[in-house]
Amino acid sequence: MFRREFLQPVFLCLSLFLIGSRNVAAQTPPEQALPNGGDFAPMPAGKLPTGVILVKGAEPSASDRATPLPEEGRVARNVYQNRYLGLTYPLPPDWMEAVQGPPPSDRGGYVLAQLIPAATFKRPTKGTVLISAQDMFFVHAPAGNALEMIKFSKEHLQPYYEVERSPTEVTIAGHSFARFDYVSHVAQLHWYVLATQIRCHTIQFVFTGQDVEMLESLIGDMNRMTLPAEAGATSGRGGGDSPVCVQNYALAKNIEYRTDPIFDVRRFNPVPVRIVIDKKGAVRHVHVISAFSDQATKITEALLQWKFKPYVQDGKAVEVETGIMFGSRDGITAIPSSTSLD
Amino acid sequence: MTRRVVPLALLLCLTFSLQDFAQTDPGVRGGAPGAGQPLASVAANNPANILNFFNAGKDDFQEIDSVSGTVAGEEGSGLGPRYNSRSCVACHAQPAVGGTAPAVNPEIADATADGARNTIPSFITVNGPVREARFPFFFTNGVPDVNRPNGGVEDLYTITGRIDAGSCTISQPSFATAVATNNVIFRIPTPTFGSGLIENIEESTLLANAAANLNNNFGVTGTFNREGNTGTITRFGWKAQNKSLEIFAGEAYLVEMGVANELFTQERPLPGEGMNQGLPAACKINPTPEDITHFDGVSEGVMSDTVAFAMFMRLLAPPTPSTTTPGGATSIANGRNLFSAVGCATCHTPTIRTTASKFTPSLSNANANLFSDLEIHHMGTELADNVSQGGAGGDEFRTAPLWGAGQRIFFLHDGRTRNLRNAILAHNSPGSEANTSSFIFFNNLSAAQQQDVLNFLRSL
């Protein structure tokens, strides 16, 4: 049983479409009876919904509806809440969510929320806030934590930007964040980036604008956030109410039984997958981050049969979360970081 | 579970209502076409005889096809039985041979040329863009069936009634119904200038560029479309669905003009027609393939039309940008820097290096200033066409190369706008990777800065 983003609106629109057929203006009638095939249709007919992506490419899915997913964070009553990350972020006054971001990428990247000034915003210059996440199991950079990720960003900053503040650890809402500032002089725009790690995901808050006072104010507002105890620029490995996250746990030495998915269609896309293994070693949750539906079905069916050695921490078996990449990595090989995630 | 978001129209209203709209698209850059010439080494005939191949390809590219090849002035043969237009140059004309949709739509005249009896669909207008049409879904009992994705090209016209069509009698697709039910999308021709450079970029170079671009704070990711058998990166077409220029040419020759060729060897029915009885025998007039190698030819005369088209496109020089028009050198330079700073260059990579080429020196180890990463990206609900091609889903498109944008009339895959500012605005919608960059462009840049970016784009 798989969960699909946006499926309900599609069914709703389809239902309305099927119900609400109406007459339409006539085209010049053909000289003969319409031939068979889907290229020819008599009138009247209903309308397809607009503004809905009905034909999906690679998209996320999960094996169950109960387990929270990173991409399910939402803004409700001016608070961004993400159950998977255990994060709440009250939106700054006079800011609002813009539009949904794209689906998670095949490298484990997420656009969690995009914020813009609301109509009540009074300052003379505006700004933009991007909240994103990178699954560190599939990260493109040689980084093992949020601080290393930010340092990588600084070292690979495009030449048209200038560093204003090198990556530094700061405390926000009682947790450590890596902060990195840079500027574009031609655009007179500043980027203030704050990153922390939760469940082996680097969570980034990117504040962009000309008004540095406004940007500092936005950072100050971050202190109203709540985060899980594990959150930190160099920590964030799960635990507590969440599974412990361990990179590369799906190795032969840890697997007691596996069956591989057999695909019907040959594809070449990377398919990053996160699984949660229970205390007995059974796979209790599969999150296919990006895959075509046929791939997701086969991978999920297979992974739910896998059996692992229970993961033991401090002498106790605990739930563990790990990542597996199916398919191609698209030629991008992660370089081992100085700080291993396990 | 659905996400609560502000409706797009309200959002755009709220977001941009206070913007200064003084900034405008300068429009199509005037003056001589900055494109259409052969690559420098081709013009220098290096290697020997290559210029003849270029010119022969250009001649074929401009040849008008009829069904029989016996109609005066239409010496090419193999047209139809279904087609969108009658020559390559009809659609690839702006600002020069090899380009994109011209100011006057040739598909108006194509409808009735040589006695053809076609109804011109409502979306084809004399001053509108050249368009091909696709039905995202098949019809079932008169309604689009979302459980039966289609996405194939529905050719506008048939040869029925033409003086050289014999007894072929077939109908046009149900365009009026498709329009009335929102079950039609459009594509305009992609310009082909500089495409030999695009063809000659190593996959490792593209992958390295993609990896470097992942280090961005705009929420941009992207991926590559890949060929189904070899798994190699594909790069031509609106969804990067075609591997090579020869495939691109062969498919277009069949789909747009109805000419079966050595790459696509049979006449093409419509997608639904093909799943049923196919084309009537009376409409399969010529032996196939209709376009073949000329065994009696010498040198460039040996090439099939398909190979000639590909060779012409491959050897076309990239567009030459202006350093001063529009807006002056300072504005253009400033716009270029702003374009990068606000994140546009994350996808619209300004320059990618080609590898060594066996064809001609100008293709070798050259800078392709294409302003594209050749990746496909989610572009959101506003631009989604619900057509899947290869690994590209309904809202994924190749980053459109921007070289030559200064002299293009129509923008976006369906040619919906002539206005660059509107084209940028269309990057912003639910599900788009370009939202953050777009917000920064409209929210955080001054009107003068936005104008500089528009001037820069029209300088290309």
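Nothing here was measured: the structure is a model prediction, and the numbers come from that model.

**Q** Sorry if this is basic, but what is going on with the overall build of chain B here?
**A** Tallying secondary structure elements over chain B gives 17 helices and 13 strands in all. What you see for chain B is a C-alpha radius of gyration of 22 Å, in line with the 23 Å of a compact globule of 460 residues. Dimensions of chain B, computed from C-alpha atoms along their principal axes, come out at roughly 60 × 60 × 40 Å. Among the 460 residues that make up chain B, the fraction classed as buried is 63%.

**Q** What is the right way to look at the overall build of chain A in this model?
**A** The helix and strand inventory of chain A stands at four helices and 19 strands. Out of the 342 residues in chain A, the part that is buried amounts to 48%. Here the analysis covers contacts within chain A between residues at least 6 apart in sequence; of these, 65% occur between residues at least 24 apart.

**Q** Whenever I open this one, the interface of chain B and chain A confuses me. Can you help?
**A** One frequently used descriptor of interface size is the decrease in accessible area upon assembly of the parts. Taken together, the contact pairs 83 residues of chain B with 81 residues of chain A. Breaking the side of chain B that touches chain A down by element, the ones donating at least two residues are helix H1 (8-16), strand S5 (137-140), strand S6 (143-149), helix H6 (175-180), helix H8 (203-213), helix H10 (271-274), helix H12 (329-341) and helix H16 (435-444) of chain B. Residues that form the side of chain B that touches chain A fall into these classes: 35 nonpolar, 39 polar and nine charged.

**Q** Where do I start with the packing of H12 of chain B against helix H17 (residues 447-459) of chain B in this structure?
**A** A pair of packed helices can be characterised by two numbers: the angle between their axes and the separation between those axes. Residue and element names in this part refer to chain B. Taken N-terminus to C-terminus, the directions of H12 and H17 make an angle of 100°; their axes are 7 Å apart at the nearest point. Considered as vectors, H12 and H17 are oriented roughly perpendicular to each other. Here Ser331, Ile332, Asn334, Gly335, Arg336, Leu338 and Phe339 of H12 come into contact with H17, specifically with Gln449, Asp452, Val453, Asn455, Phe456 and Ser459.

**Q** What exactly am I supposed to notice about the sheet that holds strand S10 (residues 189-198) of chain A here?
**A** The pairing of strands in a sheet comes from backbone hydrogen bonds and takes either a parallel or an antiparallel form. The antiparallel open sheet is built from seven strands, whose spatial order is S5-S6-S7-S11-S10-S9-S8 (chain A). Here the strands that pair on one side only, and so sit at the sheet edges, are strand S5 (95-97) and strand S8 (162-172) of chain A. Between one strand axis and the next, the sheet turns through 20° on average, direction left out of account. Sheet topology places S8 of chain A next to strand S9 (residues 175-184) of chain A; eight bridges connect them, and they run antiparallel. Within S9 of chain A, the residue paired with Glu169 of chain A across the bridge is Ala178 of chain A. Against the sheet, H16 of chain B engages strand S6 (109-117), strand S7 (127-135), S10 and strand S11 (201-209) of chain A, with an angle of about 165° to S7 of chain A.

**Q** Would you mind showing me how to read the pairing of S6 of chain B here?
**A** The side chains of a regular strand alternate, residue by residue, between the two faces of the sheet. Relative to S6 of chain B, S5 of chain B is paired through three bridges, and the arrangement is antiparallel. Bridging across to S6 of chain B, Phe139 of chain B finds its partner in Pro144 of chain B.

**Q** What is the right way to look at H16 of chain B in this model?
**A** Spacing of three or four residues puts side chains on the same side of an α-helix, whose turn is 3.6 residues. In terms of burial, H16 of chain B is a largely internal element, ten of the ten residues being buried. All of the buried residues in H16 of chain B are Asn435, Thr436, Ser437, Ser438, Phe439, Ile440, Phe441, Phe442, Asn443 and Asn444 of chain B.

**Q** Any chance you could explain the confidence of the model for chain B here in plain terms?
**A** All names here are of chain B. Confidence along chain B averages 94 in pLDDT terms, with 95% of residues attaining 70 or more. In this model residues 1-20 is a low-confidence stretch, pLDDT under 50, and it forms 27 contacts with partners more than four residues away in sequence or in other chains. Interface confidence for the predicted complex, given as ipTM, is 0.92, next to a pTM of 0.91.

**Q** Help me out: how do you make sense of helix H11 (residues 305-315) of chain B in this one?
**A** Residues and elements named next belong to chain B. A large share of H11 lies buried, amounting to eleven of its eleven residues. Among the residues of H11, those classed as buried are Asp305, Thr306, Val307, Ala308, Phe309, Ala310, Met311, Phe312, Met313, Arg314 and Leu315. On its buried face, H11 is in contact with helix H2 (40-43), helix H3 (50-62), helix H4 (88-91), helix H7 (195-199) and helix H9 (245-257).

**Q** Quick question: what am I supposed to make of the packing of H9 of chain B against H11 of chain B here?
**A** Residues and elements named next belong to chain B. The geometry of H9 relative to H11 is characterised by a closest axis approach of 8 Å and an angle of 130° between their N-to-C directions. The pairing of H9 with H11 is recorded here as oblique in orientation. Between H9 and H11 the crossing geometry is right-handed. Touching Leu245, Glu246, Ala249, Gly250 and Tyr253 of H9 are Asp305, Thr306, Val307, Phe309, Ala310, Met313 and Arg314, all from H11. Tallied by class, residues from the contact of H9 with H11 come to seven nonpolar, two polar and three charged.

**Q** What is the right way to read the sheet that holds strand S7 (residues 153-154) of chain B from this model?
**A** All names here are of chain B. Reading across the sheet, the three strands line up as S7-S4-S9 and stay open at both edges, with antiparallel pairing between neighbours. Of all strands in the sheet, those with a lone pairing partner are S7 and strand S9 (185-187), marking the two edges. Where strand S4 (residues 132-134) meets S9, three bridges bridge the pair, whose relative direction is antiparallel. Residue pairing for S9: Arg134 is matched across the bridge by Ile185.

**Q** Would you mind showing me how to read the environment of Ile409 of chain B here?
**A** Residues and elements named next belong to chain B. Assignment of secondary structure puts Ile409 in the loop between strand S13 (396-398) and helix H15 (420-425). Residue classification places Ile409 among the partly exposed residues on the basis of 19 C-beta atoms within 10 Å. Here the alpha-carbon distance between Ile409 and Val28, two residues 381 residues apart in the chain, equals 6.2 Å. If sequence neighbours within four positions are ignored, Ile409 has contacts with Val28, Gln94, Ala101, Ala103 and Arg418.

**Q** Help me understand the pairing of strand S14 (residues 271-277) of chain A, please; the structure alone is not making it clear to me.
**A** All names here are of chain A. Counting buried positions over the seven residues of S14 gives seven, a clear majority of the element. Side chains of S14 alternate between two faces, with Val271, Val273, Ile275 and Ile277 and Pro272, Arg274 and Val276 buried alike. Pairing of S14 with strand S19 (residues 320-326), which is carried by seven bridges, proceeds in the antiparallel orientation. When the sheet's bridge partners are listed, Val276 is paired in S19 with Glu321. Relative to strand S15 (residues 283-291), S14 runs antiparallel, the two being bridged by five bridges. Paired with Arg274 across the strands is His287, a residue of S15. Turn length for the S14-S15 hairpin, with the two strands adjacent in sequence and antiparallel, is five residues, and the turn residue Gly281 shows positive phi of about 100°.

**Q** Explain unusual backbone geometry to me, please; I cannot follow it from the model alone.
**A** Across the chain, the bulk of peptide bonds are trans and the bulk of non-glycine residues have phi less than zero. A cis amide bond, omega 20°, links Gly80 of chain B with the succeeding residue Pro81 of chain B. Structurally, the position occupied by Pro81 of chain B is in the loop between strand S2 (76-77) and strand S3 (82-83). For the bond from Gln94 of chain B to Pro95 of chain B, the omega torsion is 0°, close enough to zero to count as cis. One non-glycine residue, Cys200 of chain A, lies in positive phi territory at about 60°. Considering the arrangement of structural elements, one finds Cys200 of chain A in the loop between S10 and S11.

**Q** Mind showing me how you'd approach the environment of Ser372 of chain B here?
**A** Residues and elements named next belong to chain B. Assignment of secondary structure puts Ser372 in the loop between strand S11 (367-368) and strand S12 (376-378). Taking the C-alpha atoms as reference, Ser372 lies 4.7 Å from Pro401; in sequence the two are 29 residues apart. With residues up to four places along the chain from it excluded, the contact list for Ser372 reads His348, Thr349, Thr399, Ala400 and Pro401.

**Q** Please clarify how the confidence of the model for chain A should be interpreted in this entry.
**A** Parts of the model with low pLDDT should not have their predicted coordinates read in detail. All names here are of chain A. Predicted confidence across chain A gives a mean pLDDT of 88, with 85% of residues reaching 70 or more. Throughout residues 1-31 the model reports pLDDT below 50, and contacts reaching past four residues in sequence, or to other chains, amount to 45 contacts. Under a pLDDT of 50 for its full length, residues 331-342 has, in the predicted model, 30 contacts with residues more than four places off or in other chains.

**Q** Quick question: what am I supposed to make of the nonpolar core here?
**A** When a protein is soluble and globular, its nonpolar side chains tend to lie buried together. Counting residues in hydrophobic clusters, the biggest one holds 200 residues, and the most contacted among them are Val129, Ala195 and Val273 of chain A together with Phe309, Met311 and Phe312 of chain B. Sorting elements by how many residues they give to this core places H11 of chain B first, with eight residues. Those residues in contact with Phe312 of chain B, other than ones at most four positions away along the chain, are Phe54, Gly57, Lys58 and Phe61 of chain B.

**Q** Teacher, can you tell me more about the environment of Lys279 of chain A here?
**A** Residue and element names in this part refer to chain A. Position of Lys279 relative to the elements: it lies in the loop between S14 and S15. Since 15 C-beta atoms lie within 10 Å of it, Lys279 is described here as partly exposed. Taking C-alpha positions, Lys279 is 9.0 Å from Lys309, a pair spaced 30 residues apart along the chain.

Analysis parameters
- Residues numbered from 1 in each chain as written.
- Chains lettered and ligands numbered in written order.
- Predicted model: local features only at pLDDT ≥ 70, side-chain atom pairs only at ≥ 80, totals over all residues.
- Helix = DSSP H or I, 4+ residues; strand = E, 2+ residues; numbered from the N terminus.
- Rg over C-alpha atoms; globule rule 2.2 N^0.38 Å.
- Buried ≥ 20, exposed ≤ 12 C-beta atoms within 10 Å, placed from the backbone.
- Contact = placed C-beta atoms within 7 Å.
- Nonpolar A, V, L, I, M, F, W, Y, C, P; charged D, E, K, R; others polar.
- Axes fitted to C-alpha atoms, helices over the stretch in contact; angles between N-to-C directions.
- Parallel < 35°, antiparallel > 145°, perpendicular 65-115°, else oblique.
- Pairing = 2+ DSSP bridges.
- pLDDT = per-residue confidence, 0-100.
- Left-handed = near helix turned anticlockwise from the far one by under 90°.
- Core = buried A, V, L, I, M, F, W, Y, C linked by C-beta atoms within 7 Å.

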